[in-house]
Amino acid sequence: ATRRSSLEAAIAEAPEVVVMLGFRSGDVALELAEQNPQQKFLLIDTFMEGAPENLYQATFREQEPSYLLGVEAGLLTKANKVGSVLSLDIPLLSKYSGGFAEGAKSVNPAVETVAPQIIGGDNPFADTARAKEQALAFAATGVDQVFAVGAAANPGIMEAAAEKGFFAYGVDTNQCPLAPGFVVDGSIKSVNAVVETVVGEIMDGKASTDATSSFGLAEGGMTIVSLTDGAADSQCTVMDSPEVLDQVKQAFDDIVAGKIKVTDPLA
C-alpha cells in the first residue's frame, strides 16, 4: 500500500521519469504504467512481461559478480565445501547462488557446491536473528565459504561467521567491516549507474525497446568490492591474497570480453 501511494504521489508531480526499484514493484509498476501512458517509468531489478512502451526495464546480471566471488571461494576453501544463504528460494536470488557455485567449480573441480540455505520467515530480507540461525546451521554441515545473500539480514550471517570461524561474502555494498577478518569480499550493485544510463537514454528519446536493459560487469552495473577504487581500505580479507585477486581480475576480463559466459538461470 505504501509503495502504491508513493508512486501515485510521484505520478501526480508529472516528472520526466518515475524510477522504481525492487522486484516487489513489478506488478504495481505494470498497472500504473498502463493507467498513465503519458508518464515514463523506469523499473529496476525485475522484468515484467507484456510491459507497455512507457515502462522501461533494467535488470542486473547478478550471476557475473557472483562468479568472481565463487572463484575466490574455490581457491580459498579448506573444506572444499561452499554454498549460499538466500533470503528466499526465488529465481532472482538463484542468479547469485548459481554464479557463485559456477565460479567455485571453475577453479576447483573438487569443491562441493551445496544447495542454498534459505532464511525465510516473515521478514527474510531484514531478520538478522533468523539469518544468523540459518547460517550457523549451514556452517554445521561443514561449509567454510558462505555467500550471504540476505540484504539487510546479512549482519546476522556475518556475526555467525565471526563466531564459528567460517568466511562470508556480502552483497550490494561493502559488508566486510561487519565482521573484520571473516568477510572475504562482496558484490556491488551500482543502481546509480543504471539510473544515469537509462534515464539519460529516455531523455535522449530512446524507445523502451532500444534502451539498455541488462547491466553486468561490462556496463559498470555490477562489480565486486575488491575491484573498486577503495578496495585497499575495504577490510575484505581477499586483499591479503594477491594471487587470488590475479585470477579474479582475469576472470573479470574474460567475462567482459565474452570468453566466459556465466549461466543465467532465468534465461
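Above this text is the structure in question.
Within the chain one finds eight helices and 11 strands. A compact globule built from 267 residues should have a C-alpha radius of gyration of about 18 Å, and the chain, at 19 Å, falls within 12% of that. Projected onto its principal axes, the C-alpha positions of the chain cover 55 × 40 × 35 Å. Within the chain, the fraction of its 267 residues that count as buried is 50%. Sequence separation of 24 or more characterises 63% of the internal contacts of the chain that already satisfy a separation of 6 or more. Of the roughly 11,800 Å² of accessible surface on the chain, a fraction of 49% belongs to carbon and sulfur atoms.

Now for the pairing of strand β3 (residues 55–60). Most of β3 is tucked away: five of the six residues are buried. As paired elements, strand β2 (residues 40–44) and β3 share four bridges and run parallel to each other. Residue Leu43 lies in a different strand from β3, and its bridge partner there is Gln57. Pairing geometry for β3 and strand β10 (residues 214–215), over two bridges, is parallel. When the sheet's bridge partners are listed, Phe60 is paired in β10 with Phe215.

Below, the discussion takes up the packing of helix α5 (residues 128–139) against helix α6 (residues 154–164). It is the contact of α5 with α6, at a shortest axis distance of 7 Å, that shows an interaxial angle of 40 degrees. By the angle between their directions, the pair α5 and α6 is classed as oblique. For the element pair α5 and α6, the recorded crossing hand is right-handed. Residues Thr128, Ala131, Lys132, Ala135 and Leu136 of α5 touch α6, and the partners they reach there are Pro155, Gly156, Ile157, Glu159, Ala160, Glu163 and Lys164. The class makeup of the residues in the contact of α5 with α6 is six nonpolar, two polar and four charged.

An ideal rise of 1.5 Å per residue puts 24 Å on 17 residues; helix α4 (residues 91–107) measures up with 25 Å between its terminal C-alpha atoms. Within α4, the full set of buried residues consists of Leu92, Leu93, Lys95, Tyr96, Ser97, Gly99, Phe100, Gly103 and Ala104.

Moving on to α6. Here α6 has its buried residues at Asn154, Gly156, Ile157, Met158, Ala160 and Ala161. Of the residues one or two after α6, Gly165 is the one with positive phi, at around 80 degrees.

Before going further, it helps to spend a moment on the sheet that holds β10. Taken in spatial order, the four strands line up as β1-β2-β3-β10 in an open sheet, and their pairing is parallel. At either margin of the open sheet sits one strand with a lone partner, and together these are β1 (17–21) and β10. Helix-sheet contacts for helix α2 (residues 26–35) involve β1, β2 and β3, and the interaxial angle to β2 is about 165 degrees.

Tallied over the full model, the rule gives one disulfide. Here Cys176 is linked by a disulfide to Cys236, with a sulfur-sulfur distance of 2.0 Å. Where Cys176 bonds to Cys236 through sulfur, the torsion about that S-S bond is close to 90 degrees, and the disulfide is right-handed. Highlighted residues: Cys176 in the loop between β8 (167–170) and β9 (183–189) and Cys236 in the loop between β11 (222–224) and α8 (242–257), separated in sequence by 60 residues. Residue Cys176 is classed as buried on the basis of its relative accessible area of 0%.

Positive phi, close to 55 degrees, is recorded for Ala151, a residue that is not glycine. Classification of Ala151 by relative accessible area gives partly exposed; the value is 28%. In this structure, Asp172 takes a positive phi of about 75 degrees despite not being glycine. Turning to its location among the elements, Asp172 is positioned in the loop between β8 and β9.

Now for the packing of aromatic side chains. Evaluated as defined, the whole model comprises five aromatic pairs. The interplanar angle of 50 degrees and the centroid separation of 5.9 Å between the aromatic rings of Phe23 and Phe125 together place this pair among those described as tilted. On the criterion of sequence distance, the pair formed by Phe23 in the loop between β1 and α2 and Phe125 in the loop between β6 (117–118) and α5 is long-range, its members being 102 residues apart.

Looking at the secondary structure, you find Ser234 in the loop between β11 and α8. Side-chain polar atoms of Ser234 contact the backbone nitrogen of Cys236, separated by 3.2 Å. Aside from chain neighbours lying at most four places away, what touches Ser234 is Asn174, Cys176, Pro177, Val225 and Met239.

On to the environment of Gly186. Its location among the elements puts Gly186 in strand β9. Along the chain, Gly186 and Cys236 lie 50 residues apart, while their C-alpha atoms are 8.3 Å from each other. With sequence-adjacent residues up to four places away left out, Gly186 is seen in contact with Leu69, Gly170, Thr223, Ile224 and Val225.

Thresholds, definitions, all that
- Residues numbered from 1 in each chain as written.
- Predicted model: local features only at pLDDT ≥ 70, side-chain atom pairs only at ≥ 80, totals over all residues.
- Heavy atoms only, no water.
- Helix = DSSP H or I, 4+ residues; strand = E, 2+ residues; numbered from the N terminus.
- Rg over C-alpha atoms; globule rule 2.2 N^0.38 Å.
- Buried < 20%, exposed > 50% of the residue type's maximum accessible area, 1.4 Å probe, protein only.
- Contact = heavy atoms within 4.5 Å.
- Areas by Shrake-Rupley, 256 points an atom, 1.4 Å probe, with all protein chains shown as cover.
- Pairing = 2+ DSSP bridges.
- Axes fitted to C-alpha atoms, helices over the stretch in contact; angles between N-to-C directions.
- Parallel < 35°, antiparallel > 145°, perpendicular 65-115°, else oblique.
- Left-handed = near helix turned anticlockwise from the far one by under 90°.
- Nonpolar A, V, L, I, M, F, W, Y, C, P; charged D, E, K, R; others polar.
- Expected span 1.5 Å × (residues − 1).
- Disulfide = S-S within 2.5 Å.
- Phe/Tyr/Trp six-rings, centres within 6.5 Å; stacked < 30°, edge-to-face > 60°.
- Polar contact = N/O pair within 3.5 Å; in protein donor to acceptor, adjacent residues only side chain to side chain.

Function cannot be inferred from these measures alone, as they are strictly geometric.
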